[in-house]
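Residue-level listing of the chains:
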Amino acid sequence: MVYLIDTNIIIRFLVGNHQEHLEVAIDIFTKIENAQIKAEILDSVLMEAYFVLVKFYKLPKKEVIEDLKKLIALKGITGDKILLLETLNILINKNIDFVDALICAKAKLYGYEKLSFDNDLKKC
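Residue numbers restart at each chain and count upward from 1, following the sequence in its written direction. Side-chain atom pairs in this predicted model are given and counted only at pLDDT of 80 or more, local residue features only at pLDDT of at least 70, and totals for whole chains, interfaces and linings cover all residues. Side-chain numbers here rest on the full set of heavy atoms in the structure, without hydrogens or water.

### With respect to the sheet that holds strand β2 (residues 38-40)
Now for step 1: Ordered in space as β1-β2-β3, the 3 strands form an open sheet in which the pairing is parallel. In the strand order of this sheet, the two ends are held by β1 (2-4) and β3 (77-78), each with one partner.
Now for step 2: In this sheet, β2 lies alongside β1 in parallel orientation, the contact comprising 3 bridges. Along β2, the bridge assignment pairs Tyr-3 with Ala-39. Paired strands, as defined in this entry, are two strands with at least two bridges between them according to DSSP. Secondary structure elements are defined from DSSP: runs of H or I of at least 4 residues count as helices, runs of E of at least 2 residues count as strands, and each element is numbered from the N terminus.

Given below as structure tokens:
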């Protein structure tokens, strides 16, 4: 069985608040790290986690991206890890929003063409 991780699990684990949820989040990510369970982080969940951590918690963009990369790299994480990591790489190197970085990453990795009026997509 593969589990889908919700944003709140990621936020509690990385921020460390809400003690009653923190212990469960730590247990989940420990099991994922040890490949005792498999889980997927959807791109929409990654985007929401990034947004909440940077905009709501006011954490530094670079720190948030590095922490999210570490979670994606865990042994038990499945799905398109390369796409998620490339999205985060583009996000740290370009001044564009998450969705634009995701479009750029998918176009780069899979040879897709981009259709947009958004000038930010030209940055990648």
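### With respect to the environment of Leu-68
Now for step 1: On the secondary structure map, Leu-68 appears in helix α4 (residues 61-72).
Now for step 2: The cut-offs for exposure are 20% and 50% of the maximum accessible area for each residue type, with area from a 1.4 Å probe on protein chains only; residues under the lower value are buried, those over the upper are exposed, and the others partly exposed. Leu-68 sits in the buried class, given a relative accessible area of 1%.
Now for step 3: Taking the C-alpha atoms as reference points, Leu-68 and Val-54, 14 residues apart in sequence, are found 12 Å from one another.
Now for step 4: Once you skip the residues sitting within four places of it in the chain, Leu-68 turns out to touch Ile-10, Leu-14, Leu-46, Ala-49, Tyr-50 and Leu-88. Pairs of residues are marked as contacts when any of their non-hydrogen atoms sit within 4.5 Å.

### Re the pattern of salt bridges
Now for step 1: Any Lys or Arg side-chain nitrogen located within 4 Å of an Asp or Glu carboxyl oxygen qualifies as a salt bridge. Under the criterion given, the structure shown has 3 salt bridges.
Now for step 2: With its nearest N and O atoms 2.9 Å apart, the salt bridge here joins Lys-108 to Glu-86. Linking Lys-108 in helix α6 (residues 98-110) with Glu-86 in helix α5 (residues 81-93), this pair joins segments that are 22 residues apart in sequence.
Now for step 3: Judged by its relative accessible area of 58%, Lys-108 falls in the exposed class.
Now for step 4: Relative accessible area serves as the criterion here: at 15%, Glu-86 is assigned to the buried category.

### Quick word on the packing of aromatic side chains
How two aromatic rings sit relative to each other is given by the distance of their centres and the angle of their planes.
Now for step 1: For Phe, Tyr and Trp, rings pair up if their centres lie within 6.5 Å, where Trp contributes its six-membered ring, and each pair is then called stacked (planes under 30 degrees apart), edge-to-face (over 60) or tilted (otherwise). Under the definition given, this model contains 4 aromatic pairs.
Now for step 2: Judged by centre distance (4.6 Å) and plane angle (40°), the rings of Phe-13 and Phe-29 are tilted. Of this pair, Phe-13 sits in helix α1 (residues 7-15) while Phe-29 sits in helix α2 (residues 19-33); the two residues are 16 residues apart in sequence, bridging distant segments of the chain.
Now for step 3: Note on Phe-13: relative accessible area 27%, which makes it partly exposed.
Now for step 4: A centroid spacing of 4.9 Å and a plane angle of 85° characterise the contact between Phe-56 and Tyr-57, whose relative ring orientation is edge-to-face.
Now for step 5: You can call Phe-56 exposed: its relative accessible area is 61%.
Now for step 6: Judged by relative accessible area, which is 24%, Tyr-57 ranks as partly exposed.

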